[in-house]
Amino acid sequence: MTIRIIFLGVGLILLPLLAQRSGAPLPLEDPRLYQVFFQFHDGVSSAIQTKKAQNMESGRKNEKGFASKLRIKHDDLQKVTDVAHGFVTDLAKWQDDLKSYVDKVRSQKQEPDPAVLQQFDQRKLQLIEAAVEQISTSVSSASWVGLHGYINDEHRLHTSIIEFK
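In this numbering scheme, every chain counts its residues from 1 along its sequence in written order. Predicted model: local features are reported for residues with pLDDT of at least 70 only, side-chain atom pairs are reported and counted for 80 or more only, and whole-chain, interface and lining totals are derived from all residues. Side-chain numbers here rest on the full set of heavy atoms in the structure, without hydrogens or water.

Enquirer: Would you mind going over the packing of helix α2 (residues 31-54) against helix α3 (residues 56-69) with me for this structure?
Expert: Only the stretch in contact is used when a helix axis is fitted, and all axes are lines through C-alpha atoms; the angle between N-to-C directions ranges over 0 to 180 degrees. Strands here are runs of E lasting at least two residues and helices are runs of H or I lasting at least four, both read from the DSSP assignment and numbered beginning at the N terminus. Viewed as axis vectors pointing N to C, α2 and α3 meet at an angle of 155°, and their least axial separation amounts to 6 Å. Relative to α3, the element α2 lies roughly antiparallel. Along this stretch, α2 crosses α3, giving a crossing that reads as left-handed. Contacts between α2 and α3 involve Phe-40, His-41, Val-44, Ser-45, Ile-48, Gln-49, Lys-51, Lys-52 and Gln-54 from the former and Met-56, Ser-58, Gly-59, Arg-60, Asn-62, Glu-63 and Phe-66 from the latter. Tallied by class, the residues present in the contact of α2 with α3 amount to five nonpolar, seven polar and four charged. Roughly parallel refers to an angle under 35 degrees, roughly antiparallel to one over 145, roughly perpendicular to one between 65 and 115, and oblique to any angle outside these ranges. Two helices crossing with the near one rotated counterclockwise from the far one by less than a right angle form a left-handed crossing, whereas a clockwise rotation gives a right-handed crossing. Working rule for contacts: check all heavy atoms of both residues, and any pair within 4.5 Å makes them a contact. Amino acids are sorted into nonpolar (Ala, Val, Leu, Ile, Met, Phe, Trp, Tyr, Cys and Pro), charged (Asp, Glu, Lys and Arg) and polar (every other residue, Gly among them).

If you want it as structure tokens, here you go:
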């Protein structure tokens, strides 16, 4: 009995240490940072819409809180949401196209062509850059400054680069 309690106590003490991120945050302005943000935003926006459908007042309150968290005007939140959702949709299409290509090549007992994979990477980068450009030109300048700061500061700190060896 005493041994179990000690192991439980040690486990509870070590758990926070084990749960810490092992890699450094993504670099400032990294395209992957924006990709992660768009996916995060789309997920949160979807949850807020569900909440609004259940309780309009509570949903609006969550919406205003989310806009504040992102450091943008509430009026600009829908614009960011639309761009993020469009990006996530485009990224899903990109992933389907990539998977189709790889499946087709492998079904022919071949390896994917690195040049074609590079073209897929370029296309993904273009999707990210287009979404960032669309947000930066569609929201107010104050909202863009706030959102840009949020993404590259607070949001970035919740990301990490994991190296596989």
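Enquirer: For this particular structure, what's the right way to read the confidence of the model for the chain?
Expert: Do not read the fine detail of predicted coordinates wherever pLDDT is low. Scored from 0 to 100, pLDDT records how confident the predictor is in each individual residue. Confidence in the prediction for the chain averages 89 pLDDT; 87% of positions are at 70 or higher. Segment residues 1-21: pLDDT under 50, and four contacts once partners within four positions in sequence are set aside and those in other chains are kept.

Enquirer: Even after reading the chapter, I still don't get unusual backbone geometry, so can you show me in this structure?
Expert: Leave glycine aside and you will find that most residues have negative phi; peptide bonds, for their part, are mostly trans. Here the phi dihedral of Arg-71 falls at roughly 65°; this positive angle occurs in a residue that is not glycine. Assignment of secondary structure puts Arg-71 in the loop between α3 and α4 (74-107). Even without being glycine, Lys-109 reaches a positive phi, approximately 60°. In this fold, Lys-109 is placed in the loop between α4 and α5 (114-138). On the basis of relative accessible area, Lys-109 is assigned to the exposed category, the value being 77%. The buried label applies to any residue whose accessible area, calculated with a 1.4 Å probe on protein chains only, is under 20% of its type's maximum; exposed applies above 50%, and partly exposed to all values in between.

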